[in-house]
Amino acid sequence: MKEILQFLTDLSLHNDRDWFARNRDRYEAARDTFNTFTDALIRRIASFDPSVAGLEAKDCTYRIHRDLRFTTDKRPYKIHMGCFICPGGKKSGYSGYYFQVAPRVESLPDSGNLLAVGDYCCPPAVLKVLREDIESCGDAFPQALAEARKAGFYLEPSFALKRMPKGFSEDAANAPLLRYKVYCLMRQITNEELLMPQLLDRVADQCRHTKPFLDFVNRAIAFVQS
């Protein structure tokens, strides 16, 4: 991971096509290393979540070129490498496990190494079903969150609405958990953690603690898609 992080750090300082062309060999080496890690992580996650069995890195990783069509930010390249491991691959519509390597850049709030599980942009129909499940599940969803917290995950407080969503009561069971508009668990990864020899073991084990939470989200998605 050291070479990946160093390449992305340098790219963040020289985000232009000429520099990238001169350093394409470094990019390709970093990409191949990241893909190898992704393949290994898929296999490890599949041991406790069979829904991702059979996926390959190409099903879960992203191109480094940014889409510049609808933005005023014309930097041509992303300064992160990420994989999204979910049933059916990244384009399936299901939620999953997201692992990202990136340097921390103060002006970019989404930079830095990250492990996230869930869905960052659930459609309204999925949110409605998920909230209904949370309301009716008793202690199951709070217990799923408690299990995830054992591995350092949290629901970002800014993801919560100030008011109860339409159709739900302040007196509902698990009411505070119904206010979220984003059901995505987050966990920051320090550079020290990223460079540990046990990184694969640690990330896989942390993901294992989030599976009960992810099952809730994907059940709602499956219901809406059916």
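Below: a short report on this structure. (Residues numbered from 1 in each chain as written. Predicted model: local features only at pLDDT ≥ 70, side-chain atom pairs only at ≥ 80, totals over all residues. Heavy atoms only, no water.)

1. Some details on the environment of Arg75
Mapping Arg75 onto the fold places it in the loop between α4 (57-60) and β1 (81-85). Relative accessible area serves as the criterion here: at 26%, Arg75 is assigned to the partly exposed category. Residues Arg75 and Ser12, 63 residues apart in the sequence, show an inter-C-alpha distance of 9.5 Å. Look past the residues within four positions of Arg75 in its chain and what remains in contact with it is Asn15, Arg66, Leu68 and Leu108. (Helix = DSSP H or I, 4+ residues; strand = E, 2+ residues; numbered from the N terminus. Buried < 20%, exposed > 50% of the residue type's maximum accessible area, 1.4 Å probe, protein only. Contact = heavy atoms within 4.5 Å.)

2. Focus: the sheet that holds β1
Within a sheet, each strand pairs with its neighbour through backbone hydrogen bonds, oriented either parallel or antiparallel. With respect to topology, five strands assemble into an open sheet ordered β1-β2-β3-β5-β4, the strand pairing being antiparallel. Two strands bound the open sheet, and with one partner strand each, they are β1 and β4 (154-155). Packing of helix α3 (residues 24-46) onto the sheet brings it into contact with β1 and β2 (96-101), and relative to β1 it is tilted by some 25 degrees. (Pairing = 2+ DSSP bridges. Axes fitted to C-alpha atoms, helices over the stretch in contact; angles between N-to-C directions.)

3. Examining the nonpolar core
Phe7, Leu11, Leu41, Ile85, Phe99, Val101 and Tyr183 are the most contacted members of the largest nonpolar core, which has 74 residues in total. Residue contributions to this core peak at eight residues, all from α3. Apart from the residues lying within four places of it in its own chain, the contact partners of Leu11 are Trp19, Phe20, Ile64, Tyr77, Lys78 and Ile79. (Core = buried A, V, L, I, M, F, W, Y, C linked by side-chain atoms within 4.5 Å.)

4. Overview of the side chain of His209
For His209, the position within the fold is in the loop between α9 (199-208) and α10 (211-225). Side chain to side chain, His209 and Glu147 meet in a polar contact 2.6 Å long. Ignoring anything within four residues of it in the chain, the contact list for His209 reads Ala144, Glu147, Ala148, Lys150 and Ala151. (Polar contact = N/O pair within 3.5 Å; in protein donor to acceptor, adjacent residues only side chain to side chain.)

5. A look at unusual backbone geometry
The general pattern is negative phi for most residues beyond glycine and trans for most peptide bonds. The phi dihedral of Asn174 is positive, around 60 degrees, even though this residue is not glycine. Counting through the fold element by element, Asn174 comes out in the loop between β4 and α7 (175-178).

6. Things to note about the side chain of Asn174
Residue class for Asn174 comes out buried when judged on its relative accessible area of 17%. The residues touching Asn174, leaving out its near neighbours within four places in the chain, are Ile134, Cys137, Gly138 and Pro142.

7. Describing the pattern of salt bridges
This structure, assessed with the given rule, holds 13 salt bridges. The residue Asp32 makes a salt bridge to Arg31 at a minimum N-O spacing of 3.2 Å. Taking relative accessible area as the criterion, Asp32 reaches 41% and is therefore assigned partly exposed. A cluster of three or more residues bridged by salt bridges with shared partners is formed by Arg187, Glu193 and Arg202. (Salt bridge = Lys/Arg side-chain N within 4 Å of Asp/Glu carboxyl O.)

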